[in-house]
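Letter by letter, the chains look like this.
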Amino acid sequence: MGVEAHATNERVTGRTWTVRLDPVGRGRADVRVSCSRPACAAQVLPSAAVGRTAAVEHLKAHLRAGPAPRPSAYCACRAEECHTHIRPAGPRERPAPWRCGGAVVLAVVTDREGRWWQVMECCSRCAAAHPTAKIAATAPAPERTAPAGAFRAPAASGPAVPAVGPHFSHTASGAAAPHEVPPPRAPRPARQRARRGRIAQRFVPHELRPVTLRDELTELGELFRAYQQRAEPDLALLADLHARKAKAFSAWAEVTADTGLRLDAERAEQAAATARLQHLHRSGQAPEGDGPAVPRLLTASAQWNHARAVLTHVADHAPLPGPEARLLVVMLTLRTAQSGVGNLVGQDLKGLPLPDPEHLVGQLVECGWLDIAGTVDELIASRPENPTRIGVPSLTPDESDPGPFTFGRKMRPKLSGWAQRVVGEKKLRKAKTSADARLLALALATGVSLDGQLGPEGEGLGLAALSSWCAIDPGDLPELVDRLTAADWLTEVAVTDTVLAGRLTERVLPLSCPLT
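What you see as residue numbers is a count from 1 along each chain, following the sequence as written. pLDDT decides what is reported in this predicted model: residues at 70 or higher carry local features, side-chain atom pairs at 80 or more are listed and counted, and totals for whole chains, interfaces and linings draw on all residues regardless. With hydrogens and water set aside, each side-chain value is computed from the structure's full complement of heavy atoms.

## Considerations on the nonpolar core
At step 1: Residues Leu328, Val330, Leu370, Trp418, Leu440, Leu444 and Trp489 are the most contacted members of the largest nonpolar core, which totals 71 residues.
At step 2: Here this core gets nine residues from one element, more than from any other, and that element is helix α15 (residues 435–445).
At step 3: Residues Ile199, Val204, Leu241 and Trp252 belong to the second largest nonpolar core, which totals 19 residues. By convention a nonpolar core is built from buried Ala, Val, Leu, Ile, Met, Phe, Trp, Tyr and Cys residues, the set being connected through side-chain atoms within 4.5 Å. Accessibility here uses a 1.4 Å probe with only protein chains present; expressed as a share of the type maximum, an area under 20% marks a residue as buried, one over 50% as exposed, and anything in between as partly exposed. Per the convention used, a helix needs a DSSP run of H or I reaching at least four residues, while a strand needs a run of E reaching at least two, with both numbered from the N terminus.

Listed below in structure tokens is the structure:
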């Protein structure tokens, strides 16, 4: 009899698995879709949208092909002591097991950003406690049979009592029995719940051991929330917080064997390195203690890449030939890059080395590349207090085309200011260099290493690419190089049949955008 009861009460733990969507690397659009089930291999897909669709379809395939929830399965949440949503009542208390109940279901839980989907075979009460849970299937209720020899009450022979409300047994006299009304119960004192830590949209389980790790994660969550309330950023402090987070998440992953925590730890290490590098650039220090760093006008590698993206787009989509038109298109593109529209005044055009700006603007309007509010003469005569509205239709985003650039509204003026500083640099302006020389200055500023050497790792830049960018013949390039050398832009110059080698002078290194 005892063996039979033990076999009846033995239950298997509820199944659980996770499908994740993770980036492949920094600055890359492709993503990795992985499933925690052993037979599933990871996939690399070209974009987050395609990856999310593939992850959802993969999850649905598992739900269709997998077995239905088992009525006798032990709740997966209960097996984990309800860490995910049931809080303990005190610092030394465990979650009460009676909080689980109801039919066994297959519940799909996801995060708000759509980065992971977890399937749990759990009870319906635990599934209802998850705000994002959706029930995929419900197990049928198990049949309950009375044991052999159990007592069965005989059927009542008298008239049935209507179920109208509570019924009381009558007294012999037929009068209601006197009774005393019990006094109201005293309210129970509210129990103080233990403080529950939260970091990176994750709750820190109170039962997490060692206690020092639990306290470190809780403190880090509070420090990150306090940092978000700061009026001014402190990149050194932010780098230290990310480094502590990476170490703590690595320890947490070792304790729980959670792959997601390990990936979060790697992302925290990358964030710490990025914040530390930005701090060194902004404070004028060297990344590896090799002397003072360059206080660049554009301080981050993302800004350098955006500057190169604008110049590449202009080279591929210039509507008119010639270096003067190319230079004007560069400046107008930077004025309108984010939304397709911007403001312009006459001094913006008169400050460029253009022999006939009115004619060039008129050509851009005639070919449909540029729209202006008013006439060309009104644009040339406009002043800062009354700027002219301009638009570039090819840069205007819409529902089907977000535009060629990915930077935001605050990045556009930084890039435009950088280009104006390069094109209007003091010695270039005093030497009255032409548009092609200033285009070459832009190209060289975006094609150097961290120490100013031309080309990646000082290998030099191709003459064919430079002459194409400057919209000139390759034979005219050496003369432009001589002009920039005389203007103290270039030094240690060496020109071969195919490559221009050398480096930027220390004076103009703050205007450079290194190749990283």
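## Description of the pairing of strand β4 (residues 104–110)
Side-chain direction in a regular strand flips from residue to residue, so the side chains alternate between the two faces of the sheet.
At step 1: Burial within β4 is extensive, with six of its seven residues counted as buried.
At step 2: For two strands to be treated as a pair, DSSP must find no fewer than two bridges joining them. Sheet analysis places β4 next to strand β5 (residues 116–123), joined by seven bridges and oriented antiparallel. Note on β5: the bridge partner recorded for valine 109 is glutamine 118.
At step 3: Bridging between β4 and strand β6 (residues 134–138) involves four bridges; their strand directions are antiparallel. Within the sheet, the bridge partner assigned to leucine 106 lies in β6 and is alanine 137.

## Focus: helix α2 (residues 48–65)
Because each turn of an α-helix spans 3.6 residues, side chains separated by three or four positions in sequence point in the same direction.
At step 1: A rise of 1.5 Å per residue sets the reference length of α2, with its 18 residues, at 26 Å; its end C-alpha atoms lie 25 Å apart and thus fit the reference within 8%.
At step 2: Regarding α2, the residues found buried are Gly51, Ala55, Leu59 and His62. Axial view of α2: buried residues confined to an arc of 70°, hence all on one face. Away from its buried face, by an angle of more than 90 degrees, α2 presents the exposed residues Ala49, Arg64 and Ala65.
At step 3: We call two residues in contact whenever any of their non-hydrogen atoms come within 4.5 Å of each other. Where α2 is buried, its residues touch β1 (16–23), β2 (31–35), β3 (43–45), β4 and β5. Each helix should span, by expectation, one fewer than its residue count multiplied by 1.5 Å. The arc under discussion is defined with respect to the helix axis, by the directions toward the C-beta atoms.

## Comments concerning the side chain of arginine 296
At step 1: Secondary-structure assignment places arginine 296 in the loop between α7 (259–282) and α8 (301–317).
At step 2: As a buried residue without a salt bridge, arginine 296 has its nearest oppositely charged side chain in aspartate 451, at a separation of 7.3 Å.
At step 3: Identification of polar contacts relies on pairs of N or O atoms within 3.5 Å, with a donor-acceptor requirement for protein atoms, meaning one able to donate a hydrogen and the other able to accept it, and with residues adjacent in sequence counted only if both atoms are side-chain atoms. Here the side chain of arginine 296 touches leucine 450 through a polar contact of 2.7 Å, landing on its backbone oxygen.
At step 4: A distance of 3.0 Å separates the side chain of arginine 296 from the side chain of serine 512, its partner in a polar contact. Under the counting rule used here, the positive set is Lys and Arg, the negative set is Asp and Glu, and His together with the chain ends is not counted. Basic side-chain nitrogens of Lys or Arg form a salt bridge, by our definition, when they fall within 4 Å of a carboxyl oxygen of Asp or Glu.

## Digging into the packing of α15 against helix α17 (residues 477–486)
At step 1: The axes are straight lines fitted to the C-alpha atoms, using for helices just the contacting stretch, and the angles between their N-to-C directions are given from 0 to 180°. One way to put it is that α15 packs onto α17 with a least axis distance of 10 Å and a crossing angle of 75°. As the angle between them shows, α15 and α17 are arranged roughly perpendicular. Contacts between α15 and α17 involve Asp436, Ala437, Leu440, Ala441 and Leu444 on the former and, on the latter, Leu477, Leu480, Val481, Arg483 and Leu484.
At step 2: Of the residues assigned to the contact of α15 with α17, the class counts are eight nonpolar, no polar and two charged. An angle counts as roughly parallel when it lies under 35 degrees, as roughly antiparallel when it exceeds 145, as roughly perpendicular when it falls between 65 and 115, and as oblique in every other case. Classification used: nonpolar for Ala, Val, Leu, Ile, Met, Phe, Trp, Tyr, Cys and Pro, charged for Asp, Glu, Lys and Arg, polar for all others including Gly.

## Considering the sheet that holds strand β14 (residues 499–504)
At step 1: Taken together, three strands build an open sheet; the order of strands is β12-β14-β13 and the sheet is antiparallel. Each edge of the sheet is formed by a strand with only one pairing partner; in this case those strands are β12 (461–462) and β13 (490–495).
At step 2: The pairing of β13 with β14 spans four bridges and is classified as antiparallel. Opposite alanine 494, over in β14, you have alanine 501 as the bridge partner.
At step 3: Together, β13 and β14 form the strand contacts of α17, whose direction differs from that of β13 by roughly 160°.

## A word on the confidence of the model for the protein
At step 1: As a per-residue measure, pLDDT tells how confident the predictor is, with possible values from 0 to 100. For the protein, mean pLDDT is 81; residues scoring 70 or higher make up 80% of the total.
At step 2: No element of the protein has a lower mean pLDDT than helix α1 (residues 2–9), which averages 41, and none a higher one than α15, which averages 94.
At step 3: For the stretch residues 1–9, pLDDT sits under 50, and the model shows zero contacts to residues farther than four places along the chain or on other chains.
At step 4: In this model residues 153–179 is a low-confidence stretch, pLDDT under 50, and it forms three contacts with partners more than four residues away in sequence or in other chains.

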